[in-house]
Amino acid sequence: MAITVVGSVAFDSIETPAGRRERCLGGAATYFSLAASFFTDVRVIAVVGEDFGAAEQAVFDKRGIDTRGIERAQGKSFFWEGSYLENLNEAKTHNTELNVFGAFQPKIPDAYRDSEFLFLANIDPVLQRRVREAMPQVKLVAGDTMNYWIKDHRPALLEVLRGLDILLINDTETKMLAGNNNLVKAARAVLDLGPRMLVVKHGEYGATAFYGHSKDTISAKTFRAPALPLEEVVDPTGAGDSFAGGFFGYLASQKELTPGAFRRAMFYGSVMGSFAVERFGTERTQGLTREEIDQRFEQFRELTHLD
Ligand code: AMP
């Protein structure tokens, strides 16, 4: 089953304890679609500028990702600059230049309209809602957001949450959205805002899924997948979006969305996140094979296996 994703395709300048890279290909939709492309067909909706050339296009083409929905506009692509010098779990943003992204009006190619899965990556909630409403036939909708939209665009974000099946955000964002510092209470409050499942990403500590009706403590369920302990984290950029790509991509590849499929999806999300951080930018994910992914999945099984 095909996934349509809408979000940023960008150039990132990144500094980590392992070094610095200037203007490497990034963006939430890029990380998401590369990770998901190992599991299913992926179609991207985004906008890029004249600086997006053949080398960048080739990264998508090599993974068979449909880019007919990537509009080319006059000007420069979205640019983000960040560092992780004090804390590998949290990016410090130094510069965000929206460029062509500032006037982005998502256009959905007709060929995308039969997509069964939709991922709304971190963008203006007004645009997320517009894309959601333009694709009423989708079977499962998941989305992401960030502190900026939670703080300053809450009414628009709340409208998006009402139309989401799954929300994937990090722990700080969960607590901020709920206005509660206890993760479990915050997760319950977020489930009351609309999503049927909340996946909270904890960076190097894994991710937790909360689902079931939030007021019914008996049917409310929690499932945690660890992250793989790694000796060296080169660049955490895109780990969250790669997690989302592995998670949603795996779900889209399943015939039936059973509780077990969601649990395995949490592990495939962790697998894709663990690869993303091993090199700068999309380098590691670009060169992966499905075999390496399945081997790492087995490593996760070993990590958590009881008997
Ligand atoms: P993450 O998975 O959270 O590390 O996402 C990192 C990616 O998000 C980078 O490649 C950035 O280009 C992109 N990004 C950073 N800020 C924004 C923003 N305000 N809107 C959309 N994408 C962003």
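Before reading on, note that the structure itself is shown above.
Residues numbered from 1 in each chain as written. Predicted model: local features only at pLDDT ≥ 70, side-chain atom pairs only at ≥ 80, totals over all residues. Heavy atoms only, no water.

Asker: Honestly, the overall build of the chain in this entry has me stumped. Any pointers?
Answerer: Within the chain, the secondary structure is distributed over 11 helices and 13 strands. For a compact globule of 307 residues, the expected C-alpha radius of gyration is about 19 Å, and the chain comes in at 18 Å, within 12% of that figure. C-alpha extents for the chain along the principal axes are approximately 55 × 45 × 40 Å. With the model as given, the accessible surface of the chain reaches about 13800 Å², and the carbon-plus-sulfur share is 48%. (Helix = DSSP H or I, 4+ residues; strand = E, 2+ residues; numbered from the N terminus. Rg over C-alpha atoms; globule rule 2.2 N^0.38 Å. Areas by Shrake-Rupley, 256 points an atom, 1.4 Å probe, with all protein chains shown as cover.)

Asker: Help me understand the site of the ligand, please; the structure alone is not making it clear to me.
Answerer: Lining the immediate surroundings of the ligand are 15 residues, of which S8, D12, G27, G238 and D241 lie closest. For the ligand, an oxygen atom lies 2.7 Å from a polar atom in the side chain of D241. Relative to its unbound accessible surface of 510 Å², the ligand loses 80% to contact with the protein. Elements that contribute at least two residues to the shell around the ligand include exactly β2 (10-16), β6 (78-83) and α8 (239-252). Each residue belonging to the shell around the ligand can be placed in one class, and the counts come to six nonpolar, seven polar and two charged. (Near = heavy atom within 4 Å. Polar contact = N/O pair within 3.5 Å; in protein donor to acceptor, adjacent residues only side chain to side chain. Nonpolar A, V, L, I, M, F, W, Y, C, P; charged D, E, K, R; others polar.)

Asker: How should the packing of helix α9 (residues 259-276) against helix α11 (residues 290-304) be read in this particular structure?
Answerer: Each pair of packed helices can be described by the angle between their axes along with the distance between the axes. Orientation of α9 relative to α11, taken along the N-to-C sense of each, is 115°, at an axis distance of 9 Å. As summarised for this structure, α9 and α11 are arranged roughly perpendicular, according to the angle between their axes. When you trace α9 past α11, the crossing you get is right-handed. Contacts between α9 and α11 involve R264, F267, Y268, S270, V271, M272, S274 and F275 from the first element and R290, E292, I293, D294, R296, F297, F300 and T304 from the second. Here the contact of α9 with α11 is composed, by residue class, of eight nonpolar, three polar and five charged. (Axes fitted to C-alpha atoms, helices over the stretch in contact; angles between N-to-C directions. Parallel < 35°, antiparallel > 145°, perpendicular 65-115°, else oblique. Left-handed = near helix turned anticlockwise from the far one by under 90°. Contact = heavy atoms within 4.5 Å.)

Asker: Would you take a moment to explain the packing of aromatic side chains for this structure?
Answerer: We describe a pair of aromatic rings using the distance from one ring centre to the other and the angle between the two ring planes. For the structure on display, the rule yields 16 aromatic pairs. Judged by centre distance (4.2 Å) and plane angle (15°), the rings of Y268 and F297 are stacked. Of this pair, Y268 sits in helix α9 while F297 sits in helix α11, and the two are 29 residues apart along the sequence. The two residues Y268 and F297 agree in class, both being buried. The rings of F39, F223, Y250, F267, Y268, F297 and F300 are connected pair by pair, giving a single aromatic cluster. Across from the ring centre of F38, 3.7 Å away, lies the NZ or CZ of R63, which sits over that ring. A cation over an aromatic ring shows up here: R296 above the ring of F275, its NZ or CZ 3.9 Å from the ring centre. (Phe/Tyr/Trp six-rings, centres within 6.5 Å; stacked < 30°, edge-to-face > 60°. Buried < 20%, exposed > 50% of the residue type's maximum accessible area, 1.4 Å probe, protein only. Lys NZ or Arg CZ within 6 Å of the ring centre and 35° of its normal.)

Asker: What am I meant to see in the pairing of strand β12 (residues 207-211) here?
Answerer: On any regular strand, side chains alternate: one points to one face of the sheet, the next to the other face. Taking burial as the measure, the five residues of β12 include five buried ones, the bulk of the element. Of the two faces of β12, the one carrying A207, A209 and Y211 and the one carrying T208 and F210 are both buried. Two successive antiparallel strands, strand β11 (residues 197-201) and β12, enclose a turn made up of five residues, where G203 displays a positive phi of approximately 55°. Here β12 pairs with strand β13 (residues 221-225) via five bridges, running antiparallel. The residue of β13 that forms the bridge with A209 is F223. (Pairing = 2+ DSSP bridges.)

Asker: How should I be thinking about α11 in this particular structure?
Answerer: In an α-helix there are 3.6 residues to a turn, and that puts residues three or four apart on one side. Between the first and last C-alpha of α11 there are 21 Å, a value that for 15 residues agrees with the 21 Å anticipated at 1.5 Å per step. For α11, the secondary structure elements touched by its buried residues are α9. (Expected span 1.5 Å × (residues − 1).)

Asker: Looking at this structure, how should I read the sheet that holds β13?
Answerer: In a beta sheet, neighbouring strands pair by backbone hydrogen bonds and run either parallel or antiparallel. The nine strands are arranged β5-β4-β1-β8-β9-β10-β11-β12-β13 in an open sheet whose pairing can be described as mixed. Lying at the two open borders of the sheet, with one neighbouring strand each, are β5 (66-72) and β13. Strand-to-strand twist in this sheet, taken as the mean axis angle between neighbours without regard to direction, amounts to 15°. Pairing between β11 and β12: five bridges, direction antiparallel. Counterpart to K201 in the pairing with β12 is A207. Packing of helix α1 (residues 28-36) onto the sheet brings it into contact with β1 (3-6), β4 (42-48) and β8 (117-120), and relative to β1 it is tilted by some 165°.

Asker: Whenever I open this one, the pattern of salt bridges confuses me. Can you help?
Answerer: Two side chains with opposite charge may pair up if their charged atoms get near one another. In total, this model carries 17 salt bridges according to the counting rule given. A salt bridge links E292 to R284, with the shortest nitrogen-to-oxygen separation between them at 3.2 Å. Residue E292 is classed as partly exposed on the basis of its relative accessible area of 25%. Here the salt bridges share partners, and the residues they tie into one network are E15, R20, E22 and E81. (Salt bridge = Lys/Arg side-chain N within 4 Å of Asp/Glu carboxyl O.)

Asker: I would appreciate a short explanation of α9 in the present structure.
Answerer: Across its 18 residues, α9 extends 26 Å between first and last C-alpha, which sits within 8% of the 26 Å expected from 1.5 Å per residue. Counting buried positions over the 18 residues of α9 gives 14, a clear majority of the element.

Asker: I'm lost on the nonpolar core in this one. Help?
Answerer: One broad trend across soluble globular proteins is that nonpolar side chains are buried collectively. Counting 56 residues, the largest nonpolar core has V9, F119, I166, V199, F247, F248 and L251 as its most contacted members. Considering every element that reaches this core, the biggest residue donor is α9, with nine residues. (Core = buried A, V, L, I, M, F, W, Y, C linked by side-chain atoms within 4.5 Å.)

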